[in-house]
Amino acid sequence: MKHNTIIILALLLSACETPYRKADFWAGGYSDQMVSDNVAIIEFNSNVFSSPTETEKLAMRRAAELTIERGFDGFAIEDGSNYETVNTSYTPGQTTTHCYNNDAFGHSSTCKSSTTSGFTTTTREPRTKLKIRMFKGPIPLRTGWYDARQVLKHVVDSKKPSS
């Protein structure tokens, strides 16, 4: 029974990861902006249930897709960063007082108060930002240079369950 609960909890939490999609006002995802014909800025914004590693993979996926969509074969990462947005909220405590009458005529009463402490919640949302330069032709064997089709195949295949 305990193992079933852990499996169900893991499935529910994994379902909460930021889906791969274009970002909008309400939710995370990718955004991209063309700086020139072959240079783009790509950002992937995740939620608190996604890991920084997953966020980076999804930014790479978007870089590969955009490279292919624009008719190029590969891309080089000219600049990149992984960071996180930290949100902190405070929920204040409260005091509750209950008074009870001690006799039938209500001449005396007893009051009891209880106080709960406030608490602070901090969440971290991973982000990845890449500046890429896309190119046609053979992919040089250099660090930071990628074959777009291979990246796309690797990232998509890593999401499939192993058999």
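Rules of the game
- Residues numbered from 1 in each chain as written.
- Predicted model: local features only at pLDDT ≥ 70, side-chain atom pairs only at ≥ 80, totals over all residues.
- Heavy atoms only, no water.
- Salt bridge = Lys/Arg side-chain N within 4 Å of Asp/Glu carboxyl O.
- Helix = DSSP H or I, 4+ residues; strand = E, 2+ residues; numbered from the N terminus.
- Buried < 20%, exposed > 50% of the residue type's maximum accessible area, 1.4 Å probe, protein only.
- Phe/Tyr/Trp six-rings, centres within 6.5 Å; stacked < 30°, edge-to-face > 60°.
- Lys NZ or Arg CZ within 6 Å of the ring centre and 35° of its normal.
- Pairing = 2+ DSSP bridges.
- Axes fitted to C-alpha atoms, helices over the stretch in contact; angles between N-to-C directions.
- Contact = heavy atoms within 4.5 Å.
- Core = buried A, V, L, I, M, F, W, Y, C linked by side-chain atoms within 4.5 Å.

Participant: Which residues make up the pattern of salt bridges, and what values go with them?
Facilitator: Throughout the structure, instances matching the rule amount to eight salt bridges. The shortest N-O distance in the salt bridge between E65 and R61 comes to 3.3 Å. Highlighted residues: E65 and R61, both in helix α2 (residues 52-69), separated by four residues, approximately one helical turn. Notably, a salt bridge pairs E78 with K131, separated by 3.9 Å at the nearest N-O pair. Of this pair, E78 sits in strand β3 (residues 74-91) while K131 sits in strand β6 (residues 119-135), and the two are 53 residues apart along the sequence. Since its relative accessible area comes to 30%, K131 is described here as partly exposed. Shared partners join several salt bridges into a network, and the residues in it are D32, R61, R62, E65 and E69.

Participant: Outline the packing of aromatic side chains, supporting the account with residue identities and numerical values.
Facilitator: Evaluated as defined, the whole model comprises two aromatic pairs. Ring geometry for F135 versus W145: centroids 5.0 Å apart, planes at 50 degrees, classification tilted. Taken together, the positions of F135 in strand β6 and W145 in strand β7 (residues 145-147) put the pair 10 residues apart, joining distant regions of the chain. The exposure class assigned to F135 is buried, which follows from its relative accessible area of 14%. Sitting over the ring of F72, K136 keeps its end group 5.8 Å from the ring centre. Just above the ring of W145 sits the side chain of R142; from NZ or CZ to the centre is 5.0 Å.

Participant: Describe the sheet that holds strand β1 (residues 29-34), and please don't skip the residues or the numbers.
Facilitator: Reading across the sheet, the five strands line up as β1-β2-β6-β3-β7 and stay open at both edges, with antiparallel pairing between neighbours. Strands with a single pairing partner mark the edges of an open sheet, and in this sheet they are β1 and β7. Ignoring which end each strand starts from, the neighbouring axes of this sheet average 35 degrees apart. For β3 and β7, the ladder comprises three bridges, and the chain directions are antiparallel. Residue pairing in the sheet places A76 in a bridge with W145 of β7. Its contacts with the sheet put α2 on β1, β2 (39-45), β3, β6 and β7, and the angle it makes with β6 is roughly 30 degrees.

Participant: Hey, could you go over the side chain of T128 for me, with residue numbers and the actual values?
Facilitator: Among the secondary structure elements, T128 is positioned in strand β6. Excluding residues within four positions of it along the chain, T128 makes contact with I42, E43, F44, T55, E56, A59, S81 and N82.

Participant: Which residues make up the nonpolar core, and what are the values?
Facilitator: Grouped together as the largest cluster of nonpolar side chains are 18 residues, with contacts concentrated most on A63, F75, L130, I132, M134 and V151. For this core, the elements supplying multiple residues, two or more each, are β2, α2, β6 and α3 (148-159). Among the elements that take part in this core, α2 stands out by supplying six residues, more than any other. Setting aside residues up to four positions removed in sequence, A63 forms contacts with I42, F75, L130 and I132.

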